[in-house]
Amino acid sequence: MLRLRTLAAAALSAACAGAALLPVPAQAAGSVHLYKIYYDSPGSDTRSATSLNAEYVQIKNSTSRAVSLTGWTLTDASRHTYTFGSYSLGAGKTVTVHTGRGTNTAAHRYQGRGAYVWNNDRDSATLKKSTGGTVDSCSYNSTRADYKMC
Ligand SMILES: [Ca+2]
Ligand SMILES: [Ca+2]
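As a convention, each chain's residues are numbered from 1 in the sequence order in which they are written. Chain letters start at A and ligand numbers start at 1, both assigned in the order the entries are written. Per-residue local features of the predicted model are confined to residues with pLDDT of at least 70, and side-chain atom pairs are confined, for both listing and counting, to 80 or more; whole-chain, interface and lining totals are unaffected and use all residues. Based on all heavy atoms of the structure, the side-chain values leave hydrogens and waters out of the count.

Considering the coordination of the calcium ion (ligand 1)
Distances decide who is a donor: an N, O or S atom must be within 2.8 Å of the metal, or within 3.2 Å for Na, K and Ca. Water is not included, so sites may look incomplete. Protein coordination at the calcium ion (ligand 1): the donors are Asp40 (OD), Ser41 (O), Gly43 (O) and Asp45 (OD), at 2.3 to 2.5 Å from the metal. Look at Asp40 and you get buried, because its relative accessible area is 17%. Throughout, exposure labels follow a simple rule: accessible area from a 1.4 Å probe, protein chains only, divided by the maximum for the residue type, with under 20% read as buried, over 50% as exposed, and the rest as partly exposed. You can call Ser41 buried: its relative accessible area is 1%.

Next up, the structure:
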């Protein structure tokens, strides 16, 4: 009898251990999202390379896995569109997409434009997957700030 009780206790203990191994809920997994739009670069808007590249959008991957952004698009309200080439955003990493020209790195991508994209008064950024589904969007409507935290 003692032996049976011990077996029953062992079975119950194993069941509890199994419950503790259930997967973490999906909402704790994070996302790829628009993080910041720096729409009014510091100083006069002279269209210099420095000024154009001080205008940027940051995208963050808060998940625990690298996410391929290849073919993803970043578009403003006037439908100026930047398309990511072959690119993977690492787990927990942020990529800065500059408006002007430059050499792409893991953390910095360049739209290669000679004019500003993000209006100083109001605009809207939309991030879409290569398949066209909207991942995130972020709008602003203020000349009092130079950037928007999304
Ligand atoms: Ca400015
Ligand atoms: Ca615009």
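Here's the deal with the sheet that holds strand E2 (residues 56-61)
In spatial order, the strands read E8-E7-E2-E1-E11; together these 5 strands make up an open sheet with mixed pairing. Each having just a single partner strand, strand E8 (108-110) and strand E11 (147-149) make up the two edges of the open sheet. When the angles between neighbouring strand axes are averaged without regard to direction, this sheet yields 25°. When strand E1 (residues 32-38) meets E11, the two strands line up antiparallel, connected through 3 bridges. Opposite Lys36, over in E11, you have Met149 as the bridge partner. We treat two strands as partners when DSSP finds at least two bridges between them. Numbering of helices and strands runs from the N terminus; a helix is a DSSP stretch of H or I covering at least four residues, while a strand is a stretch of E covering at least two. Fitted lines through C-alpha atoms give the axes, limited to the stretch in contact for helices. The angle between two N-to-C directions lies from 0 to 180 degrees.

Section: the coordination of the calcium ion (ligand 2)
Here the calcium ion (ligand 2) is held by Asp76 (OD), Val117 (O), Asn119 (OD1) and Asp123 (OD), and the distances to it run 2.3 Å. Owing to a relative accessible area of 35%, Asn119 belongs among the partly exposed residues under this scheme.

Considerations on the nonpolar core
Formed by 21 residues in total, the largest nonpolar core has its most connected members in Leu34, Ile37, Ile59, Leu74, Phe84 and Trp118. Contributions of two or more residues to this core are made by E1, E2, strand E7 (94-98), strand E9 (122-128) and strand E10 (134-141). The biggest single contributor to this core is E1, with 3 residues. Nonpolar cores are built from buried Ala, Val, Leu, Ile, Met, Phe, Trp, Tyr and Cys residues. Side-chain atoms within 4.5 Å join them into one set.

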